[in-house]
Amino acid sequence: MNKLRLPADLGKAIAKYREDNKLSAVAISAKAGRSRTVLHKLERGDDVTVASLFNILRAMGLCLSLQKAGMPTLEEMQRRFADEADDDAA
């Protein structure tokens, strides 16, 4: 996956990793000490606490690393503004 610039990008990456590695939402939630609702909110790109994010990542055996963002690609810009247009239409 490309660089994660939006909460929705992070959520999709977490959901894909969980599905690709056949990790159940119930098992990850229990291991993280969080509800399945929190996990599903994270996977949708909704707001969750930073502590919840790290607990879920740790339960999945993952961690974050930071890097300089640089300029977004054309695809990233199109996706970003398409998401805003979808929000405005709702």
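Residues numbered from 1 in each chain as written. Predicted model: local features only at pLDDT ≥ 70, side-chain atom pairs only at ≥ 80, totals over all residues. Heavy atoms only, no water.

*Asks:* Help me understand the overall build of the protein in this model?
*Replies:* For the protein, the count of helices and strands is five helices and zero strands. Listing each helix as α and each strand as β along the protein from the N terminus yields α-α-α-α-α. The buried share of the protein, taken over its 90 residues, is 27%. When contacts within the protein are restricted to residue pairs at least 6 apart in sequence, long-range pairs at least 24 apart make up 53% of them. Of the roughly 6400 Å² of accessible surface on the protein, a fraction of 57% belongs to carbon and sulfur atoms. (Helix = DSSP H or I, 4+ residues; strand = E, 2+ residues; numbered from the N terminus. Buried < 20%, exposed > 50% of the residue type's maximum accessible area, 1.4 Å probe, protein only. Contact = heavy atoms within 4.5 Å. Areas by Shrake-Rupley, 256 points an atom, 1.4 Å probe, with all protein chains shown as cover.)

*Asks:* Hey, could you run me through the pattern of salt bridges in this one?
*Replies:* Pairing between side chains becomes possible if they bear opposite charge and their charged atoms approach one another. In the structure shown here, the tally under the stated rule is five salt bridges. Arg 18 is paired through a salt bridge with Glu 43; the nearest N and O atoms lie 2.6 Å apart. With Arg 18 in helix H1 (residues 7-20) and Glu 43 in helix H3 (residues 36-44), the pair connects residues that are 25 residues apart, well separated along the chain. No difference in accessibility class separates Arg 18 from Glu 43, as the two residues are buried. For Arg 79, the salt bridge identified is with Glu 75, shortest N-O distance 3.9 Å. Of this pair, Arg 79 and Glu 75 are both found in helix H5 (residues 74-89), four residues apart, which corresponds to roughly one turn of the helix. (Salt bridge = Lys/Arg side-chain N within 4 Å of Asp/Glu carboxyl O.)

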